[in-house]
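Notes for the structure review
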Amino acid sequence: MISAQQPPFPNKIQRTMDCQSKEEETCEEQYDSENCTCSSEHAESEKGSPVTLKILQNWVPRVSHYFDKEHYTYVGHQIVIQESIEHFGAVVWPGALALSQYLEANQEQFNLKDKKVLEIGAGTGLLSIVACILGAHVTATDLPEVLENLSYNISRNTQNLNMHKPEVRKLVWGEGLNEDFPVSTYHYDFILATDVVYHHGALDPLLATMVYFCKPGTVLLWANKFRFSTDYEFLEKVCNIFNTTILAEFPESNVKLLKATVRKN
């Protein structure tokens, strides 16, 4: 049941995103609010729809010797992110910007201080870094080929700050969960996920991973740019499993931000 409540990309990726625009519009029309039975929480408009926001320009233009580094400012801290066009996971996507912005602006609603936070599909690590700055015990996870750049960004941006030391770990969705993250040892207050749903073949393992980590008391915060019909189909599956709230929408970026919790029996 659902209840409703950037920096420039590399040219190659930007062209891909532009080519998707017509399909995105078609998907929005096909999966409208009537098909996705969402309602809003306290961050709602007068008509009960999710709050509508715009991703702010937290990207800071800088003269740099490195073409692959981007500068952002969140929670009063400058964050320098190294990107790579070799992996989709090594680029800052709109969902990470949207959720970073939302957490910064809604610290009373989602207080991360001293909370245990797991990010799945952490990518460049921007969101995990923001969660660290907000005081969380953060575990950032992704595929093995992304971990080197992820570790670099997190270490570079957190090593001189007085905060909980973040951890970077390998996590392949749906694989080795009981062995690597046994339930008896690992319990997280928040699961963060941004732009983990796109045109790939691991959607079922992703959903299984969300289900595995979301226990009673856990809050899943998921921000995603919706592009394809399969994205909306995944959303429907999430809604059928969790109590799901659309917290905010970013229409200019086609990003939706959702909160999901385990249903009470």
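The rules behind each value
- Residues numbered from 1 in each chain as written.
- Predicted model: local features only at pLDDT ≥ 70, side-chain atom pairs only at ≥ 80, totals over all residues.
- Heavy atoms only, no water.
- Helix = DSSP H or I, 4+ residues; strand = E, 2+ residues; numbered from the N terminus.
- Areas by Shrake-Rupley, 256 points an atom, 1.4 Å probe, with all protein chains shown as cover.
- Pairing = 2+ DSSP bridges.
- Right-handed = clockwise from strand over helix to strand, strands pointing away.
- Expected span 1.5 Å × (residues − 1).
- Buried < 20%, exposed > 50% of the residue type's maximum accessible area, 1.4 Å probe, protein only.
- pLDDT = per-residue confidence, 0-100.
- Contact = heavy atoms within 4.5 Å.
- Core = buried A, V, L, I, M, F, W, Y, C linked by side-chain atoms within 4.5 Å.
- Phe/Tyr/Trp six-rings, centres within 6.5 Å; stacked < 30°, edge-to-face > 60°.
- Lys NZ or Arg CZ within 6 Å of the ring centre and 35° of its normal.
- Salt bridge = Lys/Arg side-chain N within 4 Å of Asp/Glu carboxyl O.

**Comments concerning the overall build of the chain**
- Helices and strands together make up the secondary structure of the chain, namely 8 helices and 11 strands.
- Of the roughly 13,000 Å² of accessible surface on the chain, 50% is carried by carbon and sulfur atoms.

**Here we look at the pairing of strand β7 (residues 167-170)**
- Bridging between strand β6 (residues 137-142) and β7 involves 4 bridges; their strand directions are parallel. Bridging from a neighbouring strand, T139 pairs with E167 of β7.
- On the question of chirality, the crossover connecting β6 to the parallel β7 by way of helix α5 (residues 144-158) is right-handed.

**Comments concerning helix α3 (residues 94-105)**
- The terminal C-alpha atoms of α3, which comprises 12 residues, lie 17 Å apart, in line with the 16 Å expected from a rise of 1.5 Å per residue.
- Taking burial as the measure, the 12 residues of α3 include 10 buried ones, the bulk of the element.
- Three or more residues of α3 are buried, namely P94, G95, A96, L97, A98, L99, S100, Q101, Y102 and L103.

**Focus on the confidence of the model for the chain**
- Averaged over every residue, the pLDDT of the chain is 82; the share at 70 or more is 75%.
- Under a pLDDT of 50 for its full length, residues 42-47 has, in the predicted model, 9 contacts with residues more than four places off or in other chains.
- Here residues 59-67 scores under 50 on pLDDT; set against residues more than four positions off or in separate chains, the count is 11 contacts.

**Observations concerning the nonpolar core**
- With 39 residues, the main nonpolar core has I79, L103, L126, L192 and L221 as its most contacted residues.
- Ranked by size, the runner-up nonpolar core spans 30 residues in total, among them A193, L207, Y232 and F242.

**Overview of the pairing of β6**
- When you tally the buried positions in β6, you get 5 out of 6 residues, the bulk of the element.
- One ladder, built from 4 bridges, connects strand β5 (residues 116-120) with β6; its direction is parallel. Its bridge partner lying in β6, K116 is registered against H137.

**Thoughts on the environment of C214**
- Residue position: C214 is located in the loop between α7 (203-213) and β9 (219-225).
- When the C-alpha atoms of C214 and H187 are compared, they prove to be 8.5 Å apart, with 27 residues separating the residues in sequence.
- Among all residues touching C214, those that are not within four sequence positions of it are I191, L220, F242 and V262.

**Quick look at unusual backbone geometry**
- The residue V75 is not glycine, and still its phi comes out positive at about 50 degrees.
- The class for V75 is partly exposed, based on a relative accessible area of 23%.
- Within the chain, D114 stands out as a residue other than glycine whose phi angle is a positive 65 degrees.
- With respect to the element layout, D114 can be found in the loop between α3 and β5.

**Notes on the environment of N162**
- Examined against the element boundaries, N162 turns out to sit in the loop between α5 and β7.
- A C-alpha to C-alpha distance of 9.2 Å links N162 and G135, two positions 27 residues apart in sequence.

**What about α5?**
- In this model α5 runs 21 Å from its N-terminal to its C-terminal C-alpha over 15 residues, within 8% of the 21 Å that 1.5 Å per residue would give.
- Residues V146, L147, N149, L150, N153, I154, N157 and T158 constitute the buried set of α5.

**A short note on the packing of aromatic side chains**
- Going through the model one piece at a time under the given rule, you end up with 10 aromatic pairs.
- Residues Y102 and F110 carry aromatic rings whose centres are separated by 6.3 Å and whose planes lie at 50 degrees to one another, so their mutual orientation is tilted. Here Y102 and F110 have matching classes, each one buried.
- An aromatic cluster of three or more residues is present, and its members are F181, Y186, Y188, Y212 and F213.
- Its end group placed over the ring of W93, R227 keeps NZ or CZ at 5.9 Å from the ring centre.
- Sitting over the ring of F226, K256 keeps its end group 6.0 Å from the ring centre.

**Focus on the pattern of salt bridges**
- Summed over the entire model, instances satisfying the criterion amount to 2 salt bridges.
- A salt bridge links D204 to K237; its shortest N-O distance comes to 3.5 Å. Taken as a pair, D204 in helix α7 and K237 in helix α8 (residues 229-241) lie far apart in primary sequence, 33 residues in all.
- Judged by its relative accessible area of 39%, K237 falls in the partly exposed class.
- Notably, a salt bridge pairs K256 with E249, separated by 2.9 Å at the nearest N-O pair.
- Among the residues examined, K256 registers a relative accessible area of 11% and is labelled buried.
- Accessibility expressed as a relative area gives 21% for E249, which makes it partly exposed.

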